[in-house]
Amino acid sequence: MDGELLVVDGRPSEFCTEWALSVPDVAAEIHENRLVRHVQDVAAEVGRPELYAQWRAEIAQRPVLTSAEMLAVKNQHLAVPQWAAWFDDAYEPIPPESTRAGMVAVCRGCGQWAVPEEQERWRCRCWRCAYAVRLPAPAWHRVEPGMVRLRAEFVDSVALPAQAELALARRLVARGARVVLYPERDALDLWVSWPEGPAIAVDVKDWRQPYLLARHLPRFPEWPDTHSYAYDRACVVVPDDRATRNSSYCSLVRKHSPMLRAQPDVEVVTSSMLVDSCPDLGEEGVITYGP
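For clarity, every value in this text was computed on a predicted model and none was experimentally measured. Position labels on residues start from 1 in each chain and follow its written sequence. The model is predicted, so local features are restricted to residues of pLDDT at least 70 and side-chain atom pairs to those at 80 or more, both for listing and for counting; the totals for chains, interfaces and linings are taken over all residues. Only hydrogens and water are set aside when side-chain values are computed; all heavy atoms of the structure are taken into account.

1. Here's the deal with helix α6 (residues 82-90)
Regarding α6, the residues found buried are Trp83, Trp86, Phe87 and Ala90. Taken around the axis of α6, the buried residues stretch over an arc of 95°, which confines them to a single face. Where the residues of α6 are buried, they touch α3 (34-45), α4 (50-60), α5 (67-74), β4 (91-93), β9 (148-150) and α8 (152-173). Any residue under 20% of the maximum accessible area for its type is buried, any over 50% is exposed, and the rest in between are partly exposed; the area is computed with a 1.4 Å probe on protein chains only. Counting from the N terminus, the helices are the DSSP runs of H or I reaching at least four residues and the strands are the DSSP runs of E reaching at least two. Arc definition: it is the arc formed by the directions from the helix axis to the C-beta atoms. Any pair of residues with heavy atoms lying within 4.5 Å of one another is described as a contacting pair.

2. Comments concerning the side chain of histidine 77
Along the chain, the position of histidine 77 falls in the loop between α5 and α6. Of the residues examined, histidine 77 reaches a relative accessible area of 15% and is grouped as buried. As used in this structure description, the phrase polar contact means that two N or O atoms lie within 3.5 Å; if the pair is within protein, one of them must be able to donate a hydrogen and the other to accept it, and residues adjacent in sequence are counted only when both atoms belong to side chains. Looking at histidine 77, its side chain comes within polar contact range of the side chain of glutamine 54, at 2.9 Å. Once residues within four sequence positions are removed from consideration, histidine 77 is found in contact with Arg48, Leu51, Gln54 and Trp83.

3. Focus on the packing of aromatic side chains
Each aromatic pair joins two rings of Phe, Tyr and Trp (for Trp, the six-membered one) with centres within 6.5 Å, and gets the label stacked for planes under 30 degrees apart, edge-to-face for over 60, and tilted for any other angle. One pass over the structure, following the stated rule, counts eight aromatic pairs. Here tryptophan 83 and tryptophan 86 contribute two aromatic rings whose centre-to-centre distance is 6.1 Å and whose plane-to-plane angle is 65°, an arrangement assigned as edge-to-face. Here the residue tryptophan 83 and the residue tryptophan 86 both occupy positions in helix α6, the gap between them amounting to three residues, near one helical turn. Of the two residues examined, tryptophan 83 and tryptophan 86, each falls in the buried class. Two conditions define a charge located above a ring, namely a distance within 6 Å from the ring centre to NZ of Lys or CZ of Arg, and an angle within 35 degrees of the ring normal. The ring of tryptophan 113 has arginine 149 sitting right over it, with the charged end atom 3.8 Å from the ring centre.

4. A word on the sheet that holds strand β6 (residues 113-116)
A pair of strands is considered paired only if DSSP assigns at least 2 bridges between the two. The four strands are arranged β7-β6-β5-β8 in an open sheet whose pairing can be described as antiparallel. Looking at the sheet topology across the chains shown, the edges are occupied by β7 (122-124) and β8 (139-142). The mean angle between the axes of side-by-side strands here comes to 40°, regardless of whether they run parallel or antiparallel. Two strands pair when backbone bridges link them, and strand β5 (residues 103-106) and β6 are joined in this way by two bridges, in the antiparallel orientation. Bridged to alanine 105 within β6 is alanine 114. Axis definition: a line fitted to C-alpha atoms, over the contacting stretch in the case of helices. Angles run 0 to 180 degrees between N-to-C directions.

5. Let's talk about the sheet that holds strand β3 (residues 64-65)
Backbone hydrogen bonds are what pair the strands of a sheet, in a parallel or an antiparallel way. Within the open sheet, the three strands sit side by side as β3-β9-β4. Their pairing is antiparallel. Of all the strands in the sheet, just β3 and β4 have a single pairing partner and so form its edges. Pairing of β4 with β9, which is carried by three bridges, proceeds in the antiparallel orientation. Bridging across to β9, proline 93 finds its partner in valine 148.

6. Some remarks on the pattern of salt bridges
The salt bridge criterion pairs a side-chain nitrogen of Lys or Arg with a carboxyl oxygen of Asp or Glu, the two atoms within 4 Å. Inspection of the entire model under this criterion finds 16 salt bridges. Residue glutamate 50 pairs with arginine 48 through a salt bridge whose shortest N-O separation is 2.4 Å. One salt bridge connects glutamate 117 with arginine 123, and the closest N-O pair in it is separated by 3.1 Å. Salt bridges sharing common partners tie together Arg56, Glu165 and Asp186.

7. Looking at the pairing of strand β10 (residues 178-181)
Pairing geometry for β10 and strand β11 (residues 190-193), over four bridges, is antiparallel. Counted as the bridge partner of arginine 178 is serine 193 from β11. Pairing geometry for β10 and strand β15 (residues 286-288), over three bridges, is parallel. If you follow valine 180 over to β15, its bridge partner there is threonine 288.

8. Concerning the packing of α5 against α6
Taken N-terminus to C-terminus, the directions of α5 and α6 make an angle of 145°; their axes are 9 Å apart at the nearest point. On α6, the residues touching Met70, Val73 and Lys74 of α5 are Trp83, Ala84, Phe87 and Asp88. The residue inventory of the contact of α5 with α6, partitioned by class, reads five nonpolar, no polar and two charged. Gly falls in the polar group here, along with every residue not listed as nonpolar (Ala, Val, Leu, Ile, Met, Phe, Trp, Tyr, Cys, Pro) or charged (Asp, Glu, Lys, Arg).

9. Brief notes about the environment of alanine 85
Here alanine 85 shows up in helix α6. A residue is classified by how much of its surface remains accessible, and alanine 85, at 33% relative accessible area, is partly exposed. As for alanine 85 and valine 39, which are separated by 46 residues in sequence, their C-alpha atoms are 9.8 Å apart.

Below is the structure:
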């Protein structure tokens, strides 16, 4: 960890954020957010726990919304009036200082909104994009009346972590898998299955430092075989580029993790290692939000 900076361009670095994390896991930090807890609780109370997973996936993929798009997404579940309120609480009007010539920028790297700076530059909230040697110019969207953007707290705690999770889900679906997002109130990131097996519990961890990740890995749930999300394999999955930068990444996580000593059957693999080890049915599977 020598040479890591705590502050870059006036804001905490990715390393600093990981070092300062005082909860067992990023998901636990998300749970401390009042709105996220509220969505989980209400979804369970109305007997629709899958609505939490759908809401989380929706906001992760929608950095900005026109008034018409907001209306359409809020009307998806008219029988659950709280659904519309959850989107009202997660989005905010686009501040004029975050636009340039009446346009708002969306980063082509992480898919989230970016802030314009001087001399045609722009700044993304994602540190992965900041580290990129070459990053495409952002997509610019004309700001319309009533247009909104995802609040910064949800960009950082929900949308950015979800990019690696959703990218992996799409790769597994391409091999015929059924992928359930965020089952059992986020007990897992993904539950993956094929008609003839296996069933895999997946926790995606997109951290810069393997040593810090090792300290904060949570235990996997230990469900009976009769549970809806019983699994044959459990995998901590690291995005490929993390291991490309450090070929010892996965072995370092395994060596230094108290959780993995307590649950030695849990694997630590990259996204491609997991995908390559899975069946390929030669047909498209499905992403869903519940049983």
